[in-house]
Amino acid sequence: MTIAGSTGAPLGKLLHHPGFTRFLSARLLASVAVQMQTVAVGWQIYSITGKPLDLGLIGLSQFLPFVLLVLPAGHVADRHDRVRILALCIALEFVCALALLAFTHSGLKVAWPVFAVMVVFGVARAFSMPAGQAIMPNLVPPALFSRAVAVNSSTWQVSTIAGPAIGGLVYLAGPDIVYGTVAALLAAAFFLIFPVRIARTARPAEPDSWHTLLEGLRFVWQKKVILGAVSMDLFAVLFGGAVALLPAVASDILHVGPDGFGWLRAAPGIGAAIVAITLAWRPITRNVGALMFGGVAVFGVATVVFGLSHVYLLSLAALVVIGASDMVSVYIRHMLVQLETPDAIRGRVSAVNAVFIGASNELGEFESGVTAAWWGLKPAIVVGGLASAAIAGLWIKGFPSLWRIDRFPDPVKNDS
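Residues numbered from 1 in each chain as written. Predicted model: local features only at pLDDT ≥ 70, side-chain atom pairs only at ≥ 80, totals over all residues. Heavy atoms only, no water.

Visitor: Describe the environment of Ala-324, and please don't skip the residues or the numbers.
Guide: Note that Ala-324 resides in helix H13 (residues 312–340). Separated by 56 residues in sequence, Ala-324 and Pro-268 place their C-alpha atoms 6.9 Å apart. Among residues more than four places away in sequence, those in contact with Ala-324 are Pro-268, Gly-271, Ala-272 and Val-275. (Helix = DSSP H or I, 4+ residues; strand = E, 2+ residues; numbered from the N terminus. Contact = heavy atoms within 4.5 Å.)

Visitor: Help me get a handle on the side chain of Arg-265, residues and values and all.
Guide: On the secondary structure map, Arg-265 appears in helix H11 (residues 258–281). In this structure Arg-265 comes out as buried when scored by relative accessible area, which is 16%. When residues no more than four places from it in sequence are discounted, the contact partners of Arg-265 are Gln-35, Thr-38, Val-39, Thr-160, Pro-164, Val-243 and Leu-246. (Buried < 20%, exposed > 50% of the residue type's maximum accessible area, 1.4 Å probe, protein only.)

Visitor: Mind laying out empty space enclosed by the protein, listing which residues take part and the relevant values?
Guide: Under the counting rule described, the total for this entry stands at three cavities of 30 Å³ or more. Roughly 40 Å³ of internal volume is contained in the second largest cavity. What lines the second largest cavity is Asp-233, Ala-236, Val-237, Gly-295, Val-296, Phe-299, Ser-325, Asp-326 and Ser-329. Those elements that provide at least two residues to the lining of the second largest cavity are helix H9 (224–239), helix H12 (288–308) and H13. (1 Å grid on protein atoms, 1.4 Å probe; cavity = no way out; pocket = protein on both sides within 12 Å on 5 of 7 lines; lining within 4 Å. Points joined across faces, edges and corners; volume = space filled by probe spheres on them.)

Visitor: Can you tell me about helix H10 (residues 246–253), naming the residues and giving the values?
Guide: With six of its eight residues buried, H10 lies for the most part within the structure. Within H10, the full set of buried residues consists of Leu-246, Pro-247, Ala-248, Val-249, Ala-250 and Ile-253. Two residues or fewer after H10 comes His-255, characterised by a positive phi angle close to 55°.

So this is what it looks like as structure tokens:
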């Protein structure tokens, strides 16, 4: 990696930047809360309706407002205080948790009130993702950036381990207890992030117009390396969205309860955390393109193994590999996007990146729910895994410059 001092900067130096540590702490609490909520919502909906399609509708209800608002949200992140945007989004997620708690206390018997809350939650995600992705270079100096990305990713992966595991265990006491805990964690996250102040780069005033709104989309389209990276991740995860079907797999194939489901939901995070922690100490410096394609191919193969498994421990192991391989491609994609993008349009470019991430996750959940309703659980997962592996081969042909990348680029200047 050619970022000056990045590979030699000790991790302890990150702790000398209080804005970064507060952001990291708030993100950990909020992410754990969201993961707990995801476990509770999925298990609660499936226990009410028993329909795999409804698991997909949970993702769709978040994706629709997200995809409609995320590009304007990126523009907002470039024009306004990114910390304040994050704080307001956490506050809105807090309101969503309270709504789910209220519905559960009233004796929830149908799924549509939860879908309505997930729509509002999708609005919060639409504004939080561009601001959260774009804020990182404002919190640490360039020499610490690659370390900060790895540590930030590690924090996210810790949440994907702890959140589902805790959520599954707490669910045994009732979904209302889960939602109450989620609300408390989000409140703490709000008070952590709100006081953070960041130094913003001076930038020329731009009029509000479609031209400025779509600047991030034009930038990604012109940067074929970024386009290839984010689009490959989109289609690989879109077809390989087995995690959305975990409540049905846990209940109908592996025959475990909410605690076992919680560990299944945590397993991808365990694999991803192992890789993220490794990258925090030893960042990727060579064979960047080949490693990204390899990660996507392994992700697809591991998804096929998960789809064929009837054994709980084998399913856990496959999910760990899914998370580990996905973390490799996520890390490389995030580094490429951030290093290639000027700060003046980083929010809008991050919004485009967020569209691809949101489409692959929430729309992938919907795709998995639909195919499971058509073909059954196991065929839907296996076919999706095969399609994900095939994506890697197709993208080598379509984006040879991405395949040939050996090292990360130097970061662009903020005034470029």
